[in-house]
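Coordinate inspection notes
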Amino acid sequence: MISNKKKYFEEVYEANKDKIYRLCMGFTGNAVDADDLFQEIVLKVWMKLDSFRKESAISTWIYRVATNTALVYVNKKNKAVKNLSNTSPEILAIQHTERDLSKEHQLNQLHRAIAQLKEMDRIIITLVLEKCSYKEIATITGLNINHVGVKVNRIKTNLKNKMTS
């Protein structure tokens, strides 16, 4: 049984690892925290893989596991940041040296802007960036499809404002 689980996990991992990592970057805004969060999510997916009931697509289930893990991770990080009285969150968010490459800089700026969004907005925009349909996003978030559309437009406007200011 364990070899079948291992094989299935490897297939699921290969198909979803990039999406999971981008979700991690969206939640954390920096590579160091994203790496830690990614490891937590992959471990949880492995541990809970036997509990997947196949009532939805495996990618939808993984997004739920990843999102729930990310929310807990970010909340723990935010509590830790609040305990550091002399360090601003902006300084903590920049934990690695940015390269001068324009595209990478813009991508980092986008990840930081996404990390500043409210939790549900981060989830939604991350799923949009992963090219999930509004129906899939509605299933994952528990919102109705029309509400997802409205929120997506508002989030895009919010991100555009954050990126230009």
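Just so it is clear, the model here is predicted, and its values are computed rather than measured. (Residues numbered from 1 in each chain as written. Predicted model: local features only at pLDDT ≥ 70, side-chain atom pairs only at ≥ 80, totals over all residues. Heavy atoms only, no water.)

**Some thoughts on the overall build of the protein chain**
- Across its full length, the protein chain holds eight helices and zero strands.
- In the protein chain, the order of α-helices and β-strands from amino to carboxyl end is α-α-α-α-α-α-α-α.
- Per-residue burial over the protein chain gives 36% buried out of 165 residues.
- Contacts spanning at least 24 positions in sequence make up 62% of the contacts within the protein chain whose residues lie at least 6 apart.
- Counting every atom, the protein chain has about 10,400 Å² of accessible surface; 53% of that belongs to carbon and sulfur. (Helix = DSSP H or I, 4+ residues; strand = E, 2+ residues; numbered from the N terminus. Buried < 20%, exposed > 50% of the residue type's maximum accessible area, 1.4 Å probe, protein only. Contact = heavy atoms within 4.5 Å. Areas by Shrake-Rupley, 256 points an atom, 1.4 Å probe, with all protein chains shown as cover.)

**Quick word on the nonpolar core**
- In this structure, F27 and I41 are the most contacted members of the largest nonpolar core, which totals 41 residues.
- Breaking this core down by element, the ones donating at least two residues are α1 (2-28), α2 (31-48), α3 (58-83), α5 (102-115), α6 (119-129), α7 (134-141) and α8 (145-164).
- Ranked by residues supplied to this core, first place goes to α3 with nine residues.
- Those residues in contact with F27, other than ones at most four positions away along the chain, are L37, T67, A70, L71, V74, A115, R122 and I123. (Core = buried A, V, L, I, M, F, W, Y, C linked by side-chain atoms within 4.5 Å.)

**Overview of the confidence of the model for the protein chain**
- Considering every residue of the protein chain, the mean pLDDT works out to 81; 82% of them sit at 70 or more.
- No element of the protein chain has a lower mean pLDDT than helix α4 (residues 89-93), which averages 45, and none a higher one than α2, which averages 92. (pLDDT = per-residue confidence, 0-100.)

**So, the layout of surface pockets**
- Within this model, the second largest pocket holds a volume of roughly 160 Å³.
- Lining the second largest pocket, in full, are S51, F52, R53, K54, E55, S56, W61 and R64.
- By residue class, the composition of the lining of the second largest pocket is two nonpolar, two polar and four charged. (1 Å grid on protein atoms, 1.4 Å probe; cavity = no way out; pocket = protein on both sides within 12 Å on 5 of 7 lines; lining within 4 Å. Points joined across faces, edges and corners; volume = space filled by probe spheres on them. Nonpolar A, V, L, I, M, F, W, Y, C, P; charged D, E, K, R; others polar.)

**Some thoughts on the environment of I62**
- Looking at the element boundaries, I62 is found in helix α3.
- Assessed through its relative accessible area of 3%, I62 is described here as buried.
- Remark: the alpha-carbon pair of I62 and I41, spanning 21 residues in sequence, is separated by 8.7 Å.
- Among all residues touching I62, those that are not within four sequence positions of it are V12, N16, I20 and V45.

**Re unusual backbone geometry**
- The backbone phi angle of K54 is positive, close to 60°, even though this residue is not glycine.
- Inspection of the secondary structure puts K54 in the loop between α2 and α3.
- Residue classification places K54 among the exposed residues on the basis of a relative accessible area of 63%.

**Observations regarding empty space enclosed by the protein**
- For the structure on display, the rule yields two cavities of 30 Å³ or more.
- Estimates place the volume of the largest cavity at around 40 Å³.
- In terms of lining, the largest cavity is formed by F9, V12, Y13, I20, V42, V45 and I62.
- Elements represented by at least two residues in the lining of the largest cavity include exactly α1 and α2.
- The dominant element in the lining of the largest cavity, judged by the number of residues it contributes, is α1, at four residues.
- For the lining of the largest cavity, the per-class residue count stands at seven nonpolar, no polar and no charged.
- Considering only enclosed or pocket space, the second largest cavity measures out at about 30 Å³ in volume.
- Contributing elements (two or more residues each) for the lining of the second largest cavity: α1 and α3.

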